[in-house]
Amino acid sequence: MSVLLVLLAAALAASPALDDLAAALGPDAPPAEVRATRDAMARLPLDEQALATALTSSPQPLARAWAAHALGHWGGPLAVEALLSATGDPAPEVRVEVYDALAGLGDPRGLKALRQAAVRDPDPAARARAEAAALSAIAADPPAIEADLIVLSEDDAPAQVAAARRLADSGRWAATEPLLEACRVGPLEVRQAAVLAVGALDDHRAVPTLLALLEDARGPLRYHVIAALAHIADASTVPPLAALLGDADPTTRQLAARALGWIRTPEAIAALGVTPDDPDEAVRVEAVHALPPDAALLERFLADASPFVRAEAARALGGGPRSAALRPLLTDTDPLVRLVAAEGLAAGGVQDAAADLRRLRDSARDPGEQASYAAALRRLTGE
């Protein structure tokens, strides 16, 4: 361990909250619980120093693995020192995170360590990860963000917007706090650009500030906040986003449905249960697109008043485990709905639909529609 890390370990203790979260997660925890725990760890207000200490001294492999992942987004000298020290971590799940983190930092010492690990790591999967990381590190070109941080604090809106966009692409979490400050005050276009940049950085520490903005903002700024939360996809944001499904503004409801689809936890999918009754067609379509193809809720949209919504729901269900639910749509009054249902039934291998497809093929007056039914029947039965 370097002198720098020895001094650091003496000055700081690994975050008890990080260790407690990692320790509370049992070995057979369900996926939803694992994700919620990791999101909670990611929201902790840990800076580069605290993460370096956690990586080198936490007794919990999950905590060390998270610290390694996070340090890869910081990129300072302290992060490099800590990651190099952790290439000898006893847990392979920690070492692979260390290798991935070193790959993007562009430090020559990191490339040397990765090349050594690609040969010497005792775990075959970790060796393969180190080899891939070494190849990635060769092309790494870590961005310098200091100049953009200065521009972000100046009084030049176009330049600030451009700086925020560059910071969004940097992947560096050292930009999170300055961007959050720019989210709170200043010209609207700068605030919006800063909000989107925070979302692009995928730093969960920004979630509390974004949720506070969600309560206060209206119109385009609120839309940008929803987009940022969707990108970060923190499980803790499901309740406030679900509450927006009852908002008076249809665009807010539409974007909230989209965000819940990005997060896609069981709670997020369940929250979309109110959307089949939404009065706005765009919101209902958004909900259809947000739902996974095996979601039972999709079947409720098959009876929607809008043929476009029915067709989109049929498209989402087609070929999936619930394809048989499309059979009633073969008698739909709208030809697009019938065609999408036919394609979905064929893709799902629903043999019970063969007789209906023959009837439609033989009775269709439009040549194009008839050809589509024939194609679906060939796919289903080989006829």
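Residues numbered from 1 in each chain as written. Predicted model: local features only at pLDDT ≥ 70, side-chain atom pairs only at ≥ 80, totals over all residues. Heavy atoms only, no water.

Undergrad: Before we move on, could you go through the nonpolar core and cite the residues and values that matter?
TA: By size, the foremost hydrophobic cluster in this structure holds 127 residues, and its most contacted members are Leu55, Leu83, Val98, Leu179, Leu210 and Leu272. If we ignore the near neighbours within four places in the chain, the residues touching Leu83 are Leu55, Ala68, Leu71, Gly72, Val98, Ala101, Leu102 and Leu105. (Core = buried A, V, L, I, M, F, W, Y, C linked by side-chain atoms within 4.5 Å. Buried < 20%, exposed > 50% of the residue type's maximum accessible area, 1.4 Å probe, protein only. Contact = heavy atoms within 4.5 Å.)

Undergrad: Tell me about the confidence of the model for the chain, and name the residues and values.
TA: Averaged over every residue, the pLDDT of the chain is 92; the share at 70 or more is 96%. In the model, residues 1-14 has pLDDT below 50 throughout and makes 24 contacts with residues more than four positions away in sequence or in other chains. (pLDDT = per-residue confidence, 0-100.)

Undergrad: How would you summarise helix H14 (residues 207-216) if you had to cite specific residues and measurements?
TA: The set of residues buried in H14 consists of Val207, Thr209, Leu210, Leu213 and Leu214. Buried residues of H14 fall within an arc of 160 degrees about the axis and therefore sit on the same side. Among the exposed residues of H14, those pointing more than 90 degrees away from its buried face are Glu215 and Asp216. Buried residues along H14 sit in contact with helix H3 (31-43), helix H12 (176-184), helix H13 (188-201), helix H15 (219-232) and helix H16 (238-243). (Helix = DSSP H or I, 4+ residues; strand = E, 2+ residues; numbered from the N terminus. Arc of directions from axis to C-beta.)

Undergrad: Can you break down the packing of aromatic side chains residue by residue, with the values?
TA: Counting across every chain of the model gives one aromatic pair. With a centroid separation of 6.1 Å and an interplanar angle of 35 degrees, the aromatic rings of Trp66 and Trp173 are classed as tilted. Residue Trp66 is found in helix H5 (residues 61-71), and its partner Trp173 is found in the loop between helix H11 (157-170) and H12; the two are separated by 107 residues along the sequence. Taking relative accessible area as the criterion, Trp66 reaches 16% and is therefore assigned buried. We classify Trp173 as buried; its relative accessible area is 3%. (Phe/Tyr/Trp six-rings, centres within 6.5 Å; stacked < 30°, edge-to-face > 60°.)

Undergrad: Run through the pattern of salt bridges, naming residues and quoting values.
TA: The final tally for this structure, using the stated rule, is 21 salt bridges. In this structure, Asp89 and Arg64 form a salt bridge, with 2.7 Å as the shortest nitrogen-oxygen distance. Of this pair, Asp89 sits in the loop between helix H6 (77-85) and helix H7 (92-103) while Arg64 is found in helix H5, placing the two residues 25 residues apart along the sequence. With respect to burial, Asp89 and Arg64 carry one shared label: buried. The salt bridge partner of Asp107 is Arg109, with a shortest N-O separation of 3.1 Å. Assessed through its relative accessible area of 39%, Arg109 is described here as partly exposed. Connected through shared salt-bridge partners, Glu81, Asp107 and Arg109 make up one network. (Salt bridge = Lys/Arg side-chain N within 4 Å of Asp/Glu carboxyl O.)

Undergrad: So, the layout of surface pockets: which residues are in play, and what are the values?
TA: Each pocket or cavity is described by its volume, and for the largest pocket that value is around 470 Å³. Along the walls of the largest pocket sit 19 residues, with Arg38, Leu62, Ala65, Trp66 and Glu97 positioned nearest its centre. Counting residues per element, the lining of the largest pocket draws most heavily on H5, which supplies five residues. When grouped by side-chain class, the residues that make up the lining of the largest pocket number 10 nonpolar, four polar and five charged. (1 Å grid on protein atoms, 1.4 Å probe; cavity = no way out; pocket = protein on both sides within 12 Å on 5 of 7 lines; lining within 4 Å. Points joined across faces, edges and corners; volume = space filled by probe spheres on them. Nonpolar A, V, L, I, M, F, W, Y, C, P; charged D, E, K, R; others polar.)

Undergrad: Could you give an account of the packing of H5 against H7, naming the residues involved and the relevant values?
TA: The angle between the axes and the distance between the axes are what describe a pair of packed helices. Interhelical geometry of H5 versus H7 gives an angle of 5 degrees and a closest axis separation of 8 Å. With respect to H7, the axis of H5 lies roughly parallel. Residues Pro61, Arg64, Ala65, Ala68 and His69 of H5 pack against Glu93, Val94, Glu97, Val98 and Ala101 of H7. Counted by class, the contact of H5 with H7 contains six nonpolar, one polar and three charged residues. (Axes fitted to C-alpha atoms, helices over the stretch in contact; angles between N-to-C directions. Parallel < 35°, antiparallel > 145°, perpendicular 65-115°, else oblique.)

Undergrad: I'd like a description of the side chain of Arg310, backed by residues and values.
TA: Within the secondary structure, Arg310 sits in helix H20 (residues 307-317). Judged by its relative accessible area of 10%, Arg310 falls in the buried class. Side-chain polar atoms of Arg310 contact the backbone oxygen of Asp304, separated by 2.9 Å. Excluding residues that lie within four positions of it along the chain, Arg310 makes contacts with Phe301, Leu302, Ala303, Asp304, Ala305, Leu329, Asp332, Thr333, Asp334 and Val337. (Polar contact = N/O pair within 3.5 Å; in protein donor to acceptor, adjacent residues only side chain to side chain.)

Undergrad: Before we move on, could you go through the environment of Thr265 and cite the residues and values that matter?
TA: Of note, Thr265 is situated in the loop between helix H17 (250-263) and helix H18 (266-271). Here Thr265 falls in the buried class, since its relative accessible area comes to 7%. The contacts of Thr265, once residues within four sequence positions are left out, are Arg35, Ala235 and Val238.

Undergrad: Any chance you could break down helix H8 (residues 108-120) for me, citing the residues and the numbers?
TA: Look at H8: 18 Å from first C-alpha to last across 13 residues, which is about the 18 Å you get at 1.5 Å a residue. The complete set of buried residues in H8 reads Gly110, Leu111, Ala113, Leu114 and Ala117. Along the axis of H8, the buried residues cluster in a sector spanning 160 degrees; they form a single face. Away from its buried face, by an angle of more than 90 degrees, H8 presents the exposed residues Pro108, Lys112, Arg115, Val119 and Arg120. For H8, the side-chain oxygen to backbone nitrogen distance between the N-cap and Arg109 is 2.8 Å, and the N-cap itself is Asp107. (Expected span 1.5 Å × (residues − 1).)

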